[in-house]
Amino acid sequence: MAPARPRLCAVLGLLLCGLRPAAAMAAADERRSESPAAATACWRVEDFVVAQECGPCSGFQMTVPECSPTGFVERINCAGSGRAEFKSCRSARVEARGFWRFVGAALAVAAVAAALVLGRQRVLDRRALEKVRKQMESI
C-alpha cells in the first residue's frame, strides 16, 4: 500500500500543475477577444479585393510584419472600411518547387529501399543455396 502513495501524489501534482497553464491560456484568449476590432486585420472580418497579386517582398516591405511568415505579400483593399492593407500569401512557384522536392526525395528513398531489399534477397538466396549444397555433399 505504501508504493501507491507516491504515485497518487505524483498524479495529483501533475493534475494541479496541468490546470494552471490551461487557466492561463483561457484568460489570454479572453483578453484577445476583448481587443478592439481596429487591431484586427480588415480582411479577416470584411470582404476584400486584391489590389496587387502575390509577389515577393521588397527590401522596404521586409519591415511589414505580414511579410515575415512567407516572404510574399499581396496588397488588398477592404470593401467595407475602404482600408488598404498587406496580407501574407504563398507563392505558387515556391509551393510547386517544394512539392517536386518532396516527390524527388520520396523517389530517392524508394530507390534506396528497393536496392537494399534486392541486395538482402541476394544474400539470403546465396546462403540458402550454400546450405542446400552442403546438405547434398553430406549425403
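Residues numbered from 1 in each chain as written. Predicted model: local features only at pLDDT ≥ 70, side-chain atom pairs only at ≥ 80, totals over all residues. Heavy atoms only, no water.

Draft legend 1. Geometry of the overall build of the chain. On a plain count of helices and strands, the chain comes out with three helices and three strands. Across the chain, helices and strands are ordered from the amino to the carboxyl terminus as α-α-β-β-β-α. Within the span of the chain, comprising 139 residues, buried residues form 12% of the whole. Sequence-distant contacts in the chain: of pairs separated by 6 or more residues, those separated by 24 or more amount to 44%. Carbon and sulfur atoms provide 65% of the accessible area of the chain, an area that totals close to 11400 Å². (Helix = DSSP H or I, 4+ residues; strand = E, 2+ residues; numbered from the N terminus. Buried < 20%, exposed > 50% of the residue type's maximum accessible area, 1.4 Å probe, protein only. Contact = heavy atoms within 4.5 Å. Areas by Shrake-Rupley, 256 points an atom, 1.4 Å probe, with all protein chains shown as cover.)

Draft legend 2. Looking closely at the side chain of E85. The topology assignment puts E85 in strand β3 (residues 84-88). On the basis of relative accessible area, E85 is assigned to the buried category, the value being 17%. A distance of 2.5 Å separates polar atoms of two side chains, one belonging to E85 and the other to R83. (Polar contact = N/O pair within 3.5 Å; in protein donor to acceptor, adjacent residues only side chain to side chain.)

Draft legend 3. Structural detail: the confidence of the model for the chain. Looking at the chain as a whole, its pLDDT mean stands at 77, while 72% of the residues score no less than 70. Element-level pLDDT for the chain is lowest in helix α1 (residues 4-33), with a mean of 46, against a maximum mean of 95 in helix α3 (residues 92-138). Here residues 14-38 is a poorly scored stretch, pLDDT under 50, and it has one contact once near neighbours within four places are set aside; other chains count. (pLDDT = per-residue confidence, 0-100.)

Draft legend 4. Layout of the pattern of salt bridges. In total, this model carries five salt bridges according to the counting rule given. R83 is paired through a salt bridge with E85; the nearest N and O atoms lie 2.5 Å apart. It is possible to trace a salt-bridge network through shared partners that takes in E130, R133 and E137. (Salt bridge = Lys/Arg side-chain N within 4 Å of Asp/Glu carboxyl O.)

Draft legend 5. Structural detail: the sheet that holds strand β1 (residues 48-56). Read from one edge of the open sheet, three strands run β1-β2-β3, paired in antiparallel fashion. Both edges of this open sheet fall to β1 and β3, since each of them pairs with a single strand only. Between one strand and the next, the sheet's axes are offset by a mean angle of 25 degrees, whatever the strand orientation. As paired elements, strand β2 (residues 72-78) and β3 share five bridges and run antiparallel to each other. When the sheet's bridge partners are listed, N77 is paired in β3 with A84. (Pairing = 2+ DSSP bridges. Axes fitted to C-alpha atoms, helices over the stretch in contact; angles between N-to-C directions.)

Draft legend 6. The environment of P69, seen in detail. Here P69 shows up in the loop between β1 and β2. Each C-alpha atom of the pair P69 and R90 lies 9.4 Å from the other, and the pair is 21 residues apart in sequence.

Draft legend 7. Just the state of the cysteines, in detail. The full count for this structure, using the stated rule, is three disulfides. A sulfur-sulfur separation of 2.0 Å characterises the disulfide bridge that pairs C54 with C89. Between C54 and C89, the disulfide has an S-S torsion of 90 degrees and is therefore right-handed. Of the two residues, C54 is situated in strand β1 and C89 in the loop between β3 and α3; the sequence distance between them amounts to 35 residues. Residue class for C54 comes out partly exposed when judged on its relative accessible area of 29%. Numbered by order of appearance in the sequence, the disulfide-linked cysteines of the chain pair as 1-5, 2-6, 3-4. (Disulfide = S-S within 2.5 Å.)

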